[in-house]
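One letter stands for each residue in the lines below.
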Amino acid sequence: MDNENLNDKTSGNIKKIFEITGMHCASCALTIEARLNKLPGVNKATVNFATQKAAVECEENLPDEKVVEAVKASGYLAAPAKEAADEDFDHDQSVREMEIKKERDLFIFSLALTIPVVILSMILRDKSNTSLMVQSLLAGIVQFYVGVRFYRGFYYAAKNQTANMDTLIAIGTSAAYLYSLATTYLMKGEVFYETSALLITFVILGKWLEAKVKGRAGEAIKKLLGLQAKTARVVRDGQEIDLPIKEVKLDDVVIVRPGEKIPVDGKVVEGRSSVDESMISGESLPVEKNVGDFVVGATLNKTGSFRFQATKVGKDTVLAQIIKVVEEAQSSKAPIQKFADTVSGFFVPTVVALSLITFIIWYFLVLSPFVAALLAFTAVLVIACPCALGLATPTAIMVGTGRGAQEGILIKGGEALEAANKIRTVVFDKTGTLTRGKPVVTDLTAYQGSKTELLRQAASIEKISEHPLAEAIVNSAKEKNLELLKPEKFEAIPGHGVMAELAGKQFLVGTEKLMIKFDLKMADAVKADKSRLEAEGKTVMIVAADKEIVGLIAVADTLKDSSKEAIAELKKMGIKTIMITGDNRNTAQAIARQAGIDEVLAEVLPEDKAKEIKSLQLSGGRVAMVGDGINDAPALTQANLGIAMGSGTDIAIEAGGIVLIKNDLRDVIRAIKLSRATMSKIKQNMFWALFYNSVGIPIAAFGLLRAEFAGLAMALSSVSVVANSLLLKRKKL
Amino acid sequence: MKTIGFILIAVVVLLYVWWLKYTRGQKGVSAKESTGIQVFDILVKGVYSPNVIRAKVGRPVRINFIRKEDNECSRFVVFSDFKIRKELPEGEVVPVEFMPDRPGEFSFTCDMSMYRGKLIVE
């Protein structure tokens, strides 16, 4: 841990954090605090019992050891804290890897001891005294060294008057081992050391495999955390200093150099660059950033250097919010899991009761030999696997939501998954969702001169205007690199258009009303062109020079490239598509036709969108609403499933059950497909777990399965559930 | 022999029923501090200990989990009703804080629902 990074150098003193162990009450904290405050060089020390941490403000040259010693002197242990989340995560990762390795080594060790037992008992069938003694010794090591965890678990559970999986395994294997031990040394009878030894080996194998695959299920958060920058170069008191990103404050000015990650969210105040935002928005091309533009933490600065002012730090950044959504989603359970939870609550005691009844029936009622009864008893204990039941939903949700997050689809939890699975109708907001939300010039009709000249003239005049349609014209001219002229005598006529002088000519740009106002006659050909364009849902502006109409410019909000494909795909999936908009019917119909939408709800006031959704729900079942998350919040909430579309940096995380980070409508389909796939995994898992237990227990009770294979089946059943969930990672969306 | 068998089965069934009643009737441990935040300490070792806790509605709850084992199963604690999933690194005290805003019984479990606890909010 680089302690330098933790130090807050603002006041000449530094602040250090220590982790304290051994505190068991709030008064311990006070004891340590008093002790530390007496330490020379310490200005102020506070000890928090809940977090088990001490914050020490001290002189810079005070060595950590002094603090550690002082804490030790008051009877506790201290160590300099590790702080940054990602380093915790690295640490965590290595802990996990060590755990997996530990399980593997234990399995190999256990297997090495079990193989001779199996050879002696099952292959050579050596029943000599030496053979039995060797078997008892090897199986004993497996039983009490490898299997000590089961006894430990059994003990703690019993102390708390409950029972768990360890109870089952400890009782089952002990019964088999102890009986064999008794027949070896004390009385006559069969031995079956291989049963207990194999059983424990198999269960450990299961634990190893499970640890391995479970680690993979939770990878999404790790990847998201990995996106974060670790430090930020901040200007404080005129000096550039490197700080851990946790310490960046609001309004700090942050410097970013080429090739560096942007640490937090903010607004560019100096310099320019292009930024790779693909990790957040999915946009593959770098985005140009100039003064005034917003930048997002975790994105990658490519070419230039710039300074920006932090506008969102800590838990408010876009990335932090994404991580929060994923974390919350992974903690949620699908409603279907409630049932499994209820079942597993009764599971262990029920299985213990069933195994006892099995033994009693075999021994006392069927009058079979003691050994047979004991083996059936053991088999019932060890085949029962509530783990598979418990793993069924969480692993599928974890993998499903994690997979989504990597693709820019944030699914907020089990309920959204279940809702997405049952959707029959998808309602799209028009502006900004199906369309780009920005009008662009679509058609130029010139009656005199060239189209380019027409655009240049109109743009030169509209440059001064602030109307959104004017902006479309100016942008179009800019795209074509047209050089604009300077108009004179500019005058805006509100609701009609503009009037100006350009190169000595009197120009008018605006609506039909403007032309009438200035007594201009429209030729039939012009009228025909205009109505044709309007029928296509476009807004037409007329350009006149010196009392003569010289051309038409049509402006429209155009469909996003992804819209048509997305709608077609939804139809293929048997989902009805509806568009909802405040626009007039003509414009709405035109866009709907282009997109291939089934039904149009036009002229709907923004506040009535939720009502429309409600009436759709009453008539046609489950409805998903796709909107931009900011204006459409009530409708998104009303719908069975709200899908909020972000536009890269501006994500309305709160709205909707599913948030699409990229501005790509095809993600609606991916989201629905992913939800369906996840739900079907959950159902498969639940079915498998229930089926396994309800079939496995009777098979074991009837004595049809050797106990060690019952153990193997148990170990593999939970592994198979996790492995099945992991298949979601490969699912094509 | 058969009579003994039937008697034993009856005993097992009775014990099972008794256990069902016992777990239903568990009162649960009350909070340490009653002013302000309601604080509970739960040891994670084989089980959650205590595994039934009782809190008052509308006042924040802080449950300090300390996991003293390296069993992979108990690495996370999940309060699915409150959308909380927290990692419990071995040996560290991890406080879980939330506001129980409605009365009822809420379970908290490990990822696999093998470790189980119950929060009774009244």
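The rules behind the values
- Starting from 1, residues in each chain are numbered consecutively following that chain's sequence as written.
- Each chain takes a letter, starting from A, and each ligand takes a number, starting from 1, following the order in which they are written.
- The predicted origin of the model limits local features to residues at a pLDDT of at least 70 and limits the giving and counting of side-chain atom pairs to 80 or more, whereas totals for whole chains, interfaces and linings rest on all residues.
- The basis for the side-chain values is all heavy atoms of the structure; hydrogens and waters are excluded.
- Labels follow the DSSP assignment, with helices taken as runs of H or I lasting at least four residues and strands as runs of E lasting at least two, numbered in each case from the N terminus.
- Note on method: radius of gyration uses C-alpha positions; expected globular size equals 2.2 Å times residues raised to 0.38.
- Type-normalised accessible area, obtained with a 1.4 Å probe on protein chains alone, sets the label of each residue: buried when under 20%, exposed when over 50%, and partly exposed for intermediate values.
- Here the Shrake-Rupley method, with its probe set to 1.4 Å, supplies the accessible areas, and only the displayed protein chains count as covering residues.
- Here the rule is simple: two strands pair whenever DSSP picks up at least two bridges between them.
- Between two residues, a contact is recorded if the distance between any of their heavy atoms is within 4.5 Å.
- When a carboxyl oxygen of Asp or Glu lies within 4 Å of a side-chain nitrogen of Lys or Arg, that pair is called a salt bridge.
- Pairs of N or O atoms are called polar contacts if they sit within 3.5 Å, as long as, within protein, a hydrogen donor faces a hydrogen acceptor (for residues adjacent in sequence, only side-chain-to-side-chain pairs).
- Here the nonpolar group is Ala, Val, Leu, Ile, Met, Phe, Trp, Tyr, Cys and Pro; Asp, Glu, Lys and Arg are the charged ones; every other residue, Gly included, is treated as polar.
- Think of a nonpolar core as a cluster: buried Ala, Val, Leu, Ile, Met, Phe, Trp, Tyr and Cys residues, connected wherever their side-chain atoms sit within 4.5 Å.
- Lines fitted to C-alpha atoms define the axes, with helix axes restricted to the stretch in contact, and inter-axis angles between N-to-C directions lie between 0 and 180 degrees.
- Should an angle fall under 35 degrees it is taken as roughly parallel, and over 145 as roughly antiparallel, whereas 65 to 115 is taken as roughly perpendicular and any remaining angle as oblique.
- A residue's pLDDT is the confidence the predictor assigns to it, expressed on a 0 to 100 scale.
- To estimate how far a helix should extend, the number of its residues minus one is multiplied by 1.5 Å.
- Patch membership needs two things, relative accessible area over 30% and no salt bridge, and members are linked within 9 Å if like-charged or within 5 Å if nonpolar (Val, Leu, Ile, Met, Phe, Trp, Tyr).
- Grid spacing is 1 Å over the protein atoms alone, the probe is 1.4 Å, and a cavity is where that probe fits but cannot get out, while a pocket is an open set with protein on both sides within 12 Å along at least five of seven lines and lining residues have an atom within 4 Å of a point.
- Grid points are joined across faces, edges and corners, and a volume is the space filled by probe spheres set on the points.
- Aromatic pairing here means that ring centres of Phe, Tyr or Trp (its six-membered ring) are within 6.5 Å. Orientation follows from the plane angle: under 30 degrees is stacked, over 60 is edge-to-face, and everything else is tilted.
- In our convention, an over-ring charge means Lys NZ or Arg CZ found within 6 Å of a ring centre and within 35 degrees of that ring's normal.

1. Considering the overall build of chain A
Working step 1: A tally of helices and strands in chain A yields 25 helices and 26 strands.
Working step 2: For 733 residues, the compact-globule formula gives about 27 Å, and the C-alpha radius of gyration of chain A, at 36 Å, lies well above that figure.
Working step 3: Taken over the C-alpha atoms alone, chain A extends approximately 120 × 70 × 40 Å along its principal axes.
Working step 4: In chain A, which comprises 733 residues, the share counted as buried stands at 53%.
Working step 5: Carbon and sulfur atoms form 56% of the exposed surface of chain A, whose accessible area is close to 32,800 Å².

2. Quick look at the pairing of strand β13 (residues 306-312) of chain A
Working step 1: With four bridges connecting them, strand β7 (residues 253-256) of chain A and β13(A) associate as antiparallel partners. When the bridges of β13(A) are listed, A:I255 appears paired with A:R307.

3. Topic: the interface of chain A and chain B
Working step 1: If you look at the interface, chain A gives 46 residues, while chain B gives 43 residues.
Working step 2: Run the count over chain A and chain B and you get zero salt bridges.
Working step 3: On inspection of chain A and its partner chain B, the count reaches two residue pairs in polar contact (both at pLDDT 80 or more).
Working step 4: Elements that contribute at least two residues to the side of chain A that touches chain B include exactly α3 (85-123), α5 (148-159), α7 (193-217), α10 (318-331), α11 (337-365) and α13 (386-406) of chain A.
Working step 5: Among the residues forming the side of chain A that touches chain B, the class breakdown is 21 nonpolar, 12 polar and 13 charged.

4. Quick word on the sheet that holds strand β9 (residues 273-276) of chain A
Residue and element names in this part refer to chain A.
Working step 1: The three strands lie next to each other as β10-β9-β12, forming an open sheet whose pairing is antiparallel. A strand with exactly one partner marks an edge of an open sheet, and here the two such strands are β10 (287-289) and β12 (300-301).
Working step 2: Pairing between β9 and β10: three bridges, direction antiparallel. Of the residues in β10, the one forming a bridge with V275 is V287.

5. Quick notes on the nonpolar core
Working step 1: Membership of the largest hydrophobic core comes to 132 residues, with the highest contact counts inside it found for A:F428, A:I658, B:F65 and B:F79.
Working step 2: Residue contacts for B:F65: discarding those within four places in its chain leaves B:I42, B:V44, B:Y48, B:V77, B:F79, B:L88, B:E92, B:V93, B:V94, B:V96 and B:F108.
Working step 3: Membership of the second largest hydrophobic core comes to 23 residues, among which are A:A458, A:A472, A:F507 and A:V543.

6. Some details on the pairing of strand β1 (residues 14-21) of chain A
Across a regular strand the side chains alternate sides, sitting on one face of the sheet and then on the other.
Residue and element names in this part refer to chain A.
Working step 1: Most of β1 sits inside the fold, with six of its eight residues counted as buried.
Working step 2: Pairing between β1 and strand β3 (residues 53-58): six bridges, direction antiparallel. The partner of K15 across the bridge, within β3, is E57.
Working step 3: Both β1 and strand β4 (residues 77-80) contribute to a ladder of four bridges, which runs antiparallel. In the sheet register, F18 faces β4, and the bridge partner there is P80.

7. Describing the packing of helix α4 (residues 129-146) of chain A against α5(A)
Residues and elements named next belong to chain A.
Working step 1: It is the contact of α4 with α5, at a shortest axis distance of 4 Å, that shows an interaxial angle of 45°. The angle between the axes of α4 and α5 places the two elements in the oblique class. Contacts from Q143, F144, Y145 and V146 of α4 reach α5 at V148, R149 and Y151.

8. Remarks on the confidence of the model for chain A
All names here are of chain A.
Working step 1: The predicted model of chain A averages 84 in pLDDT, with 92% of residues at 70 or higher.
Working step 2: Within the model, the stretch residues 1-11 combines pLDDT values under 50 with 25 contacts to residues more than four positions away or in other chains.
Working step 3: Ignoring residues within four places in sequence, the model shows residues 83-87, a span with pLDDT below 50, making eight contacts including any to other chains.

9. Looking at α4(A)
Working step 1: For α4(A), which comprises 18 residues, the first-to-last C-alpha distance of 25 Å matches the rise-based estimate of 26 Å (1.5 Å per residue) to within 8%.
Working step 2: Residues A:S131, A:L132, A:Q135, A:S136, A:L138, A:A139, A:G140, A:V142, A:Q143 and A:V146 constitute the buried set of α4(A).

10. A look at a nonpolar patch on the surface
Working step 1: Residues A:F687, A:W688, A:F691, A:V695, A:I699, A:F702 and A:L704 make up a contiguous nonpolar surface patch of about 720 Å² in total accessible area.
Working step 2: Tracing the chain through its elements places A:F702 in the loop between α24 (666-701) and α25 (707-726).

11. Things to note about the pattern of salt bridges
All names here are of chain A.
Working step 1: Taken as a whole and assessed by the stated rule, the structure comprises 35 salt bridges over all chains.
Working step 2: One salt bridge connects K530 with E512, and the closest N-O pair in it is separated by 2.9 Å. Here K530 is found in helix α19 (residues 524-535), whereas its partner E512 is found in helix α18 (residues 512-517), with 18 residues between them in sequence.
Working step 3: Residue E512 is classed as partly exposed on the basis of its relative accessible area, which comes to 30%.
Working step 4: Among the salt bridges present, the one from E534 reaches K530, with a minimum N-O distance of 3.1 Å. You can see E534 and its partner K530 sitting in helix α19, four residues apart, about one turn around the helix.
Working step 5: Overall, E534 belongs to the partly exposed group, its relative accessible area being 31%.
Working step 6: In this structure K530 comes out as buried when scored by relative accessible area, which is 9%.
Working step 7: A single network of salt bridges, built from pairs that share partners, joins D443, D529, R532, E536 and K538.

12. Concerning the environment of A:Y179
Working step 1: In this structure, A:Y179 sits in helix α6 (residues 165-185).
Working step 2: In this structure the C-alpha to C-alpha distance between A:Y179 and A:K249, which are 70 residues apart in sequence, comes to 68 Å.

13. Some points on empty space enclosed by the protein
Working step 1: All chains considered together, the criterion is met by four cavities of 30 Å³ or more.
Working step 2: By volume, the largest cavity amounts to about 200 Å³.
Working step 3: A:M165, A:D166, A:K207, A:C387 and B:C73 are, among the 18 residues lining the largest cavity, the residues nearest its centre.
Working step 4: Of all the secondary structure elements, the ones that give two or more residues to the lining of the largest cavity are α6, α7 and α25 of chain A.
Working step 5: For the lining of the largest cavity, the element with the highest residue contribution is α7(A), accounting for four residues.
Working step 6: The class makeup of the residues in the lining of the largest cavity is 10 nonpolar, five polar and three charged.
Working step 7: In this structure, the second largest cavity spans a volume of roughly 50 Å³.
Working step 8: Lining of the second largest cavity is provided by A:E103, A:K207, A:E210, A:A211, A:K214, B:E72 and B:C73.

14. Notes on the packing of aromatic side chains
Residues and elements named next belong to chain B.
Working step 1: Per the stated rule, a full pass over the model turns up 28 aromatic pairs over all chains.
Working step 2: When the centroid spacing of 5.0 Å and the interplanar angle of 20° are considered together, the rings of F79 and F108 count as stacked. Placement of the pair is F79 in strand β6 (residues 76-79) and F108 in strand β9 (residues 104-109), with a sequence separation of 29 residues. An identical accessibility class is assigned to F79 and F108; each is buried.
Working step 3: Within the aromatic cluster, the residues linked to one another by ring pairs are Y48, F65, F79, F82, F98, F106, F108 and Y115.
Working step 4: Between R85 and the ring centre of F76, over which it is positioned, the NZ or CZ distance is 3.8 Å.
Working step 5: Stacked on the ring of F82, the Lys or Arg R102 has its end atom at 5.5 Å from the ring centre.

15. Focus: the packing of α24(A) against α25(A)
Residue and element names in this part refer to chain A.
Working step 1: Between α24 and α25, whose axes approach to 9 Å, the crossing angle comes to 170°. Between α24 and α25, the angle falls in the class roughly antiparallel. The segment α24 lies against α25, with K681, Q684, N685, W688 and Y692 engaging A710, A713, M714, S717, S720, V721, N724 and S725.
Working step 2: Tallied by class, the residues present in the contact of α24 with α25 amount to six nonpolar, six polar and one charged.

16. Thoughts on the sheet that holds strand β26 (residues 658-660) of chain A
Pairing between the strands of a sheet is mediated by backbone hydrogen bonds and can be parallel or antiparallel.
Residue and element names in this part refer to chain A.
Working step 1: Spatial ordering of the open sheet is given by β14-β26-β25-β24-β15-β22-β23, a layout of seven strands whose pairing is mixed. In this open sheet, the two edge strands, each paired with only one partner strand, are β14 (409-411) and β23 (599-601). Strand-to-strand twist of the sheet, defined as the mean angle between neighbouring strand axes without regard to direction, takes the value 20°.
Working step 2: Here three bridges tie β14 to β26, and the two strands are oriented antiparallel to one another. Along β26, the bridge assignment pairs I411 with I658.

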